[in-house]
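# Residue-level structural notes
One letter stands for each residue in the lines below.
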Amino acid sequence: MSEGQAVPLRVRVELAHAAVQRLADSCGVDVLHIKGPAVDPGLRRHESSGSDADVLVRPDGVDRLMAALAAHGWRVETTFEAGSAFDHAANLYHPSWGLVDVHRLYPGMDHEPAAAFEVLWAERGARPLAHVACAVPSPLGQSLVLLLHAARTRTAGEHPDIAPNWTERTAADRDALRALAERTGATVALAAAIGELARHAGTPEAALWEVFAREDDRLGEWRARWRAARGPAAKVSVAVRSLGVNRYYLRQRLGHEPTGSDVAAEFVRRLRTGVGAVAGRMVRR
């Protein structure tokens, strides 16, 4: 076991936050540290430092930060386009610091990422992580981030972050959260988190959140992604990527670097799964 692997996970995650902050400072990029150890005490019912560091980057600084990370030994594991239904984060690995998720936007606040970031940045606070001062959203901003994360996290029953950040908040706090969601373009996403998504039923923006609410299959997710995509180019991109093979996740499943044959077999499997899902939906109709 290497010295890096022997460091407790929580400590390693804090060190990763600090390392990213130092690099962001060196290249003049604004970042907000979110989730995990960056969250104020009391906003999470459960103890969780996460397995990676999460940072939200001012959009015009993403390329600079990614270049700085690469120059200092961080390896891209998943690209922005391959990581999720929202194309929002790239996952990077460093042999000493572990994993970091670099968010170029936050799901739910993705209509105008730069404007949403500015709202959160203007009301930011600071939190020391591994003895490095790191910018974090305001407590209200942190609650909104956690609620939006809960909205796209499939769990058995209510997500544990809902109660301390919404249900148990005062009426004034909930009004303030609704106002912040409106200012960051997250009204529909917040509705998905708090059980009010039906108010937005039928809209393209609600389509993707409905997938998480009803635990739809992969075909349903890709259909929703196509509906939510803005503009012809974005829709074509979604259609093409729906058949693509994510080599990172395939490598995780196989336990080794995928060969050309592995990728081809996975492509055929995805195609068969898609055809089967279409056939199943036609039967149910």
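Scoring rules and cut-offs
Residues numbered from 1 in each chain as written. Predicted model: local features only at pLDDT ≥ 70, side-chain atom pairs only at ≥ 80, totals over all residues. Heavy atoms only, no water. Buried < 20%, exposed > 50% of the residue type's maximum accessible area, 1.4 Å probe, protein only. Helix = DSSP H or I, 4+ residues; strand = E, 2+ residues; numbered from the N terminus. Pairing = 2+ DSSP bridges. Axes fitted to C-alpha atoms, helices over the stretch in contact; angles between N-to-C directions. Parallel < 35°, antiparallel > 145°, perpendicular 65-115°, else oblique. Left-handed = near helix turned anticlockwise from the far one by under 90°. Contact = heavy atoms within 4.5 Å. Nonpolar A, V, L, I, M, F, W, Y, C, P; charged D, E, K, R; others polar. Polar contact = N/O pair within 3.5 Å; in protein donor to acceptor, adjacent residues only side chain to side chain.

Further remarks concern the pairing of strand β4 (residues 89–94). Within β4, 5 of the 6 residues are buried, which leaves it mostly tucked inside the rest of the structure. Examined bridge by bridge, strand β3 (residues 75–78) and β4 share 3 bridges and lie antiparallel to one another. Counted as the bridge partner of V76 is L92 from β4. Pairing of β4 with strand β5 (residues 98–103) involves 6 bridges; the strand directions are antiparallel. Note on β5: the bridge partner recorded for L92 is V100.

Between helix α2 (residues 9–26) and helix α3 (residues 62–71), whose axes approach to 9 Å, the crossing angle comes to 120°. Judged by the angle between their axes, α2 and α3 are oblique. When the axes of α2 and α3 are compared, the crossing they make is right-handed. Contact with α2, carried on its side by V20, L23 and A24, involves L65, A68 and L69 of α3 and no other residues of that element. Considered class by class, the residues forming the contact of α2 with α3 number 6 nonpolar, no polar and no charged.

This next bit is on the environment of H33. The topology assignment puts H33 in strand β1 (residues 31–34). Residue H33 is classed as buried on the basis of its relative accessible area, which comes to 0%. When the C-alpha atoms of H33 and P137 are compared, they prove to be 7.6 Å apart, with 104 residues separating the residues in sequence. Other than its neighbours up to four places away in sequence, H33 contacts H17, Q21, A38, D54, V55, L129, C134, A135, V136 and P137. Of the polar contacts made by the side chain of H33, one reaches the side chain of H17; its length is 2.9 Å.

So, about the pairing of β1. Both faces of β1 are covered, namely the face carrying V31 and H33 and the face carrying L32 and I34. Where β1 and strand β2 (residues 52–57) come together, 4 bridges link them in antiparallel fashion. Note on β2: the bridge partner recorded for I34 is D54.

Below, the discussion takes up the packing of helix α6 (residues 139–151) against helix α8 (residues 171–183). Packing of α6 against α8 brings their axes to within 10 Å, and their N-to-C directions diverge by 75°. The angle between the axes of α6 and α8 places the two elements in the roughly perpendicular class. Between α6 and α8, the residues in contact are L140, G141, S143, L144 and L147 and D173, A176, L177, L180 and A181, respectively. Residue classes in the contact of α6 with α8 are distributed as 7 nonpolar, 2 polar and 1 charged.

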